[in-house]
Amino acid sequence: MAIEQSILAAVSLNNSGKIHLSNTNPQYQDFIVSCSEDITIDKDNPKWFYYFLCGVKGIQEKFGITRLAGMSCVVDGTIPPSSGLSSSSALVCCSGLVTMEANQKSLSKVALAEICAKCERYIGTEGGGMDQSISFLAEKGTAKLIEFQPLRATDVQLPEGAVFVISNCCVEMNKAASSHYNIRVVECRIATKMLARARDLDPSGLSKLAQVQTELKASLEEMLALVQEVLDPEPYSREEVCKVLCVTPEQFSTELLSANTQHLTHFKLHQRAKHVYGEAARVMKFKSICDSGSAESIKLLGALMNQSHASCKDLYECSCPELDQLVDICLKSGAVGSRLTGAGWGGCAVSMVPSEKVESFLQAVRNAYYIPDPRRAAMEKQSLFVSKPGGGAAVFMEE
Ligand code: ADP
Ligand code: MG
C-alpha cells in the first residue's frame, strides 16, 4: 500500500534547452543538464539528481525523444530517505511522470510503473518493481497484491479493527551507495541457475527465482522442497558455483555479478532462496486470510508478519540490531505483528496494531525506543506514525 508521504515536484516548461533541478532541502544541491546531451548517471556517486535523471532517461528512451522539453523543477519531499519507504522510487516515479507530461506523451499507469522500475536500475541497484508499481497503482483505502509478468495489482481489503503503524529505527541505509542490496540479488540469481540446472532447465535465460517456479509449473511449497533438496546450507564458493553451472570465472564475473559485487567470494544460496519462496507463500496466505474475512484474521496476519521478520533476519540477513530491537519493542507494546519493511539493513518496521490499542502502542514505543536517545527523540515526529492505504501518483495542472 502507498503511504501518505510523497515526493512533490513543481514544474514549469521553458525554452532554455536545459533541465534545471533544485530541491527545497538545502542538503540536495542544484543541477542543470542540457536537453541535447546524453544523460549519464554516475553509479559510483548516487546523488539525488541522478535518481531524477533516471526517470527522465527512462521516458526519453521509451519514446526515442531526441530533444527533451526544457523545464525547471523544484522537488520537495516528506518521505524519510534511505529508510525502506522507497523515497528513491517515489523520486524516480515523480520524474518519470513529470517528463512524460512535459514532453506531451501519455502512458498507462502500468506502463509508467514498468518504465520507472527499469530506469531506477540506472542508479546501480538491481531493484524489482513493487515500489514503482504501488507508487502509480495505489488506490486510497485498499492494499494491493502486486504480481509481475504481466504486471498487475489486485485489491486486498484489509480487515477492520487494526491499522498499520510505521516506525523508523533511525538507521539510514543508502542502497545505491552500498552493496548489501545487490549482493542479495546476485545470490538469488545464482540460486536460480543452480535450481534450474538441478531440474535440467536451461539456466541461461533464467535470472529470477520466480522464473524457475513458472518453468517447472510448481507450487511455492514444491519450490521450498526443491531448495531443501538441491541447495546446501553451507555458503558456496565461486569455484563451486562455476563448476556446477559450467561457467568460466570470467563469465561468472560478467554474467552473474554486478559492478559493485565483484569482490564477493561466498554465496548463501539455500537461505536466500528459502526466504524468497517462503515470503511469496506468506504473501499469498496474507491475501487469502484477508479475503476470508474470518474473525481470527488479525491474529493470523500478525503471525505471518512475525514469521516474515524472522525470515528477513535469519535467512535473508537484511535486518540490523536496531531494527530487531524496534520490532521487539513494537510487539511488547501491543502489536499483533511487526516486521521490517523495504530493503532493510536499517529503516522502518511496519506493525499491525488493533485499533483500540493504537494510542497506548504509540506511547509505549515512544518511551522505549525514541525518548531515551536524543537523536531518535529529535526524529520521532516523522519516524512514528499510523498509515492508511493512500492514493497513487497524480498530476496537478495550472492553466
Ligand atoms: P529508500 O529506502 O528511501 O528508497 P534509497 O537508499 O533507495 O532509500 O534512496 C535514498 C535516496 O533517494 C537519497 O539518498 C536521495 O538521493 C534520494 N531522495 C530521497 N528523498 C529525496 C528528496 N526529498 N529529495 C531529493 N532526493 C531524495
Ligand atoms: Mg530505494
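A brief look at the structure comes next. (Residues numbered from 1 in each chain as written. Chains lettered and ligands numbered in written order. Predicted model: local features only at pLDDT ≥ 70, side-chain atom pairs only at ≥ 80, totals over all residues. Heavy atoms only, no water.)

**Concerning the overall build of the protein**
And step 1. Of regular secondary structure, the protein possesses 14 helices and twelve strands.
And step 2. Relative to the globule expectation of 21 Å for 399 residues, the C-alpha radius of gyration of the protein, 22 Å, shows essentially globular dimensions.
And step 3. Dimensions of the protein, computed from the C-alpha atoms along their principal axes, are close to 60 × 60 × 40 Å.
And step 4. If you take every contact in the protein between residues at least 6 apart in sequence, the share linking residues at least 24 apart comes to 70%.
And step 5. Carbon together with sulfur atoms contributes 52% to the accessible area of the protein, which is approximately 19100 Å² in total.
And step 6. Seen as two clouds, the 39 positive and the 45 negative side-chain charges of the protein have centres 1 Å apart. (Helix = DSSP H or I, 4+ residues; strand = E, 2+ residues; numbered from the N terminus. Rg over C-alpha atoms; globule rule 2.2 N^0.38 Å. Contact = heavy atoms within 4.5 Å. Areas by Shrake-Rupley, 256 points an atom, 1.4 Å probe, with all protein chains shown as cover. Lys, Arg positive; Asp, Glu negative; His and termini not counted. Charge placed at Lys NZ, Arg CZ, Asp CG, Glu CD.)

**Some details on helix α9 (residues 249-256)**
And step 1. Restricting attention to buried positions, one finds in α9 the residues Phe252, Ser253 and Leu256. Axial view of α9: buried residues confined to an arc of 115°, hence all on one face. Projecting away from the buried face of α9 at angles above 90 degrees are the exposed residues Glu250 and Thr254.
And step 2. Residues of α9 that are buried in the fold lie against α5 (180-198), α8 (238-245) and β9 (266-267). (Buried < 20%, exposed > 50% of the residue type's maximum accessible area, 1.4 Å probe, protein only. Arc of directions from axis to C-beta.)

**Concerning the packing of aromatic side chains**
And step 1. Per the counting criterion, the structure on display carries seven aromatic pairs.
And step 2. Seen in terms of ring centroids, Phe252 and Phe267 are 5.6 Å apart; in terms of plane orientation they differ by 70°. Their pairing is edge-to-face. One end of the pair, Phe252, is in helix α9; the other, Phe267, is in strand β9, with 15 residues separating them in the sequence. The residues Phe252 and Phe267 share a single accessibility class, namely buried.
And step 3. Both rings, one in Tyr369 and one in Tyr370, keep their centres 5.3 Å apart while their planes meet at 80°; by these two values the pair is edge-to-face. (Phe/Tyr/Trp six-rings, centres within 6.5 Å; stacked < 30°, edge-to-face > 60°.)

**Describing unusual backbone geometry**
And step 1. A cis amide bond links Gln149 with the next residue in sequence, Pro150, at an omega value of 0°.
And step 2. Within the secondary structure, Pro150 sits in the loop between β5 (143-147) and β6 (152-156).
And step 3. Backbone geometry places Gln149, a non-glycine residue, at a positive phi of 55°.
And step 4. Locating Gln149 in the fold gives a position in the loop between β5 and β6.

**Remarks on the site of ligand 1**
And step 1. Residues in contact with ligand 1 amount to 18 residues; listed here are only the nearest, Asn23, Gly84, Ser87, Ser88 and Lys175.
And step 2. Between ligand 1 and the protein, one listed contact pairs an oxygen atom with a backbone N or O atom of Gly84 at 3.0 Å.
And step 3. Between ligand 1 and Ser88, the relevant distance is 2.9 Å, taken from an oxygen atom to a side-chain nitrogen or oxygen of the residue.
And step 4. Protein contacts shield 92% of the accessible area of ligand 1, which totals 570 Å² for the unbound molecule.
And step 5. Secondary structure elements with two or more residues in the shell around ligand 1: α1 (48-63) and α2 (87-102). (Near = heavy atom within 4 Å. Polar contact = N/O pair within 3.5 Å; in protein donor to acceptor, adjacent residues only side chain to side chain.)

**Structural notes on the sheet that holds strand β12 (residues 384-387)**
Across a sheet, strands are paired by hydrogen bonds formed along the backbone, either parallel or antiparallel in direction.
And step 1. As summarised here, the arrangement of the four strands in space is β10-β11-β7-β12, forming an open sheet in which the pairing is antiparallel. One side of each edge strand has no neighbouring strand; the edge strands of this open sheet are β10 (337-340) and β12. With strand direction ignored, the average angle separating the axes of adjacent strands in the sheet is 25°.
And step 2. As paired strands, strand β7 (residues 162-168) and strand β11 (residues 348-354) are joined by seven bridges and run antiparallel to one another. (Pairing = 2+ DSSP bridges. Axes fitted to C-alpha atoms, helices over the stretch in contact; angles between N-to-C directions.)

**So, the packing of helix α6 (residues 209-216) against helix α10 (residues 269-292)**
And step 1. Running from amino to carboxyl end, α6 crosses α10 at an angle of 70°, the nearest separation of the two axes being 10 Å. Considering the angle they form, α6 stands roughly perpendicular to α10. Judged by the twist between their axes, the crossing of α6 over α10 is right-handed. Here α6 contributes Leu209, Val212 and Gln213 to the contact with α10, which in turn contributes Ala273, Val276 and Tyr277. (Parallel < 35°, antiparallel > 145°, perpendicular 65-115°, else oblique. Left-handed = near helix turned anticlockwise from the far one by under 90°.)

**Comments concerning a positive patch on the surface**
And step 1. Where like charges cluster on the molecular surface, the positive patch consists of Lys62, Lys118, Arg121 and Lys208.
And step 2. With respect to the helices and strands, Lys118 occurs in helix α3 (residues 109-120). (Patch = residues over 30% accessible without salt bridge, like charges linked within 9 Å, V, L, I, M, F, W, Y side chains within 5 Å. Salt bridge = Lys/Arg side-chain N within 4 Å of Asp/Glu carboxyl O.)

**Regarding the pairing of β11**
And step 1. With respect to burial, β11 is a largely interior element, seven of its seven residues being buried.
And step 2. Of the two faces of β11, the one carrying Cys348, Val350, Met352 and Pro354 and the one carrying Ala349, Ser351 and Val353 are both buried.
And step 3. By the bridge criterion, four bridges tie β10 to β11 in an arrangement that is antiparallel. In the strand pairing of β11, Leu340 is matched with Ala349.

**Remarks on the packing of α1 against α2**
And step 1. Running from N to C, α1 and α2 cross one another at 45°; their axes reach a closest spacing of 7 Å. Relative to α2, α1 is oriented oblique. Crossing of α1 against α2: the hand is right-handed. Side by side, α1 and α2 meet where Trp48, Tyr51, Phe52, Cys54, Gly55, Val56 and Ile59 of the first sit next to Ser88, Leu91, Val92, Ser95, Gly96, Val98, Thr99 and Met100 of the second.
And step 2. Residues belonging to the contact of α1 with α2 are distributed by class as follows: ten nonpolar, five polar and no charged. (Nonpolar A, V, L, I, M, F, W, Y, C, P; charged D, E, K, R; others polar.)

**What to know about the environment of His180**
And step 1. Of note, His180 is situated in helix α5.
And step 2. Residue class for His180 comes out partly exposed when judged on its relative accessible area of 32%.
And step 3. Aside from chain neighbours lying at most four places away, what touches His180 is Met173 and Trp345.

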